[in-house]
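Report on the structure
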Amino acid sequence: MTDSDASTHITRLAPSPTGALHLGNARTFLVNYLLARQRHWRILMRMEDLDSPRVKPWAAQQAIDDLQWLSIAWDSTVAKQSDRGEAYRCALDELIESSDAYPCVCSRKDIQQAGAAPHRDDHITVYPGSCRGKYASVREAEQLTGRPAAWRVRVDSAPIVFDDHFAGRCEINLAETCGDFVIFRNEGLAGYQLAVVVDDAHEGVDAIVRGDDLLESAARQIHLRRLLALGPEPEYWHVPLVTGADGRRLAKRHGDTRLSHYRQMGVSPRRILGLLGFWCGLGDEPREMDMSELIETFDLSGLPGAPVIFDDACESFLTS
Ligand code: GLU
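Everything numeric in this text was worked out from a predicted model, so none of it was measured.

1. Section: the sheet that holds strand β4 (residues 101-104)
- Read across the sheet, three strands follow the order β4-β7-β10 without closing on themselves; strand pairing throughout is antiparallel. Of all strands in the sheet, those bounded by a partner on one side alone are β4 and β10 (181-184). The sheet shows a mean angle of 50° between the axes of neighbouring strands, direction not considered.
- In this structure, strand β7 (residues 150-153) lies alongside β10, joined through three bridges in antiparallel fashion. Each residue of the ladder has a partner; that of Trp151, found in β10, is Phe184.
- Together, β4, β7 and β10 form the strand contacts of helix α3 (residues 85-97), whose direction differs from that of β10 by roughly 130°.

Pasting the structure below:
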């Protein structure tokens, strides 16, 4: 599959400042950056800083410093989701107006007690639709229950089908994977799915490269885009993540793999880029590389189709 009219694409780097960037995050950003530079896409930077209380005050600047340290660059100023509340609210109003969104006062416990099926191993519970069609307005929901209401969007039972340039054809049935999902939280903040869709459309983003843990999110985002009539869907490249030797997604339990940690230790960016390049399928073993060599030699078709593993050999390449 070739991407359409590649010269006009706009992509974005979208870190969530909820913690420090680690090698796994860096590898996904690098794939995005290399594809964009090779294909002459425009690269935007968006800070996805809505997820309070998980957002850390230092993490946005640190993400920027870490990426710049690796020579990952962008062609815009840094947009912040925390500045865009009004746009998200307008989108919500549209979905309320069309009756696609409804107020929900369920707590996590209510949903579990309703016998909702826990989904896969990632603790997502399929919402059983308890509040669907129950309240005429958010005020009614809050007055009758004494609880703050969130907003959910209705999903269809027909699957969302899309072709991902890396993951291939995807067919995701939202009624089975998550059910009606939250788009505005009860503290009055937009949820991730709605914010991303509104921002991508606003900024003209039409090429999205990210970890394949977000494949199901792509289906949710396509659903929202269609309801909001936001025009053609972006093209997607969802790539496998980096895991530890135990097969679990890279995290603290695998040691300190934060970029800031290696920076402090004096590890050179060439070494980090070399490991990330190796994880992109370049070479039989890691060796130091700089960004211009990566841009020249990266080949998406050589990117491993399975998760890559951070193990002791990787750590000793970086630190020995
Ligand atoms: N902010 C998200 C993350 O760091 C990425 C969202 C996206 O690319 O749509 O996982």
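Right, picking up where we left off after that structure.
2. Focus: the site of the ligand
- Neighbouring the ligand are the residues Arg12, Ala14, Ser16, Glu48, Tyr192, Arg210 and Leu214.
- One of the side-chain N or O atoms of Glu48 is found 2.6 Å from a nitrogen atom in the ligand.
- Tyr192 places a polar side-chain atom, nitrogen or oxygen, 3.0 Å from an oxygen atom of the ligand.
- When isolated, the ligand has an accessible area of 300 Å², and the protein chains bury 76% of it.
- The residue makeup of the shell around the ligand, split by class, is three nonpolar, one polar and three charged.

3. Considerations on the packing of α3 against helix α7 (residues 192-203)
- Put simply, α3 and α7 touch, their axes get as near as 10 Å, and they point 105° apart. Accordingly, the angle class assigned to the pair α3 and α7 is roughly perpendicular. Where α3 approaches α7, its residues Ala87, Tyr88, Ala91, Leu92 and Leu95 are matched on the opposing element by Leu194, Ala195, Val198 and Asp199.

4. Re the state of the cysteines
- Here the structure, examined in full by the defined rule, presents zero disulfides.
- Cys106 supplies the cysteine sulfur nearest to Cys104, a cysteine that is in no disulfide, at a spacing of 3.9 Å.
- For the unlinked cysteine Cys131, the closest cysteine sulfur is that of Cys106, found at 3.7 Å.
- Judged by relative accessible area, which is 2%, Cys131 ranks as buried.

5. Considering the nonpolar core
- Core analysis: the biggest nonpolar cluster contains 48 residues, and Leu23, Leu30, Ile72, Ile272 and Trp279 have the highest contact counts within it.
- When residues in this core are grouped by element, the largest group, nine residues, is from helix α1 (residues 23-39).
- Beyond its immediate stretch of four places on either side in the chain, Leu30 contacts Ile72, Leu273, Leu276, Gly277, Cys280, Met291 and Leu294.

6. Regarding the pattern of salt bridges
- According to the stated counting rule, one finds 23 salt bridges in the structure shown.
- As a salt-bridge pair, Arg37 and Asp75 come within 3.2 Å of each other at their nearest N and O atoms. Here Arg37, found in helix α1, pairs with Asp75, found in the loop between α2 (59-69) and β3 (78-80); they are 38 residues apart in sequence, far enough to count as distant.
- The class of Asp75 is partly exposed, set by a relative accessible area of 33%.
- A salt bridge links Arg287 to Glu293, with the nearest nitrogen and oxygen atoms 2.5 Å apart.
- Residues joined by salt bridges that share partners form a network here, namely Arg12, Arg46, Glu48, Arg84, Asp199, Asp200 and Glu203.

Criteria and cut-off values
Residues numbered from 1 in each chain as written. Predicted model: local features only at pLDDT ≥ 70, side-chain atom pairs only at ≥ 80, totals over all residues. Heavy atoms only, no water. Pairing = 2+ DSSP bridges. Helix = DSSP H or I, 4+ residues; strand = E, 2+ residues; numbered from the N terminus. Axes fitted to C-alpha atoms, helices over the stretch in contact; angles between N-to-C directions. Contact = heavy atoms within 4.5 Å. Near = heavy atom within 4 Å. Polar contact = N/O pair within 3.5 Å; in protein donor to acceptor, adjacent residues only side chain to side chain. Areas by Shrake-Rupley, 256 points an atom, 1.4 Å probe, with all protein chains shown as cover. Nonpolar A, V, L, I, M, F, W, Y, C, P; charged D, E, K, R; others polar. Parallel < 35°, antiparallel > 145°, perpendicular 65-115°, else oblique. Disulfide = S-S within 2.5 Å. Buried < 20%, exposed > 50% of the residue type's maximum accessible area, 1.4 Å probe, protein only. Core = buried A, V, L, I, M, F, W, Y, C linked by side-chain atoms within 4.5 Å. Salt bridge = Lys/Arg side-chain N within 4 Å of Asp/Glu carboxyl O.

Purely spatial values, then, with no claim about function.
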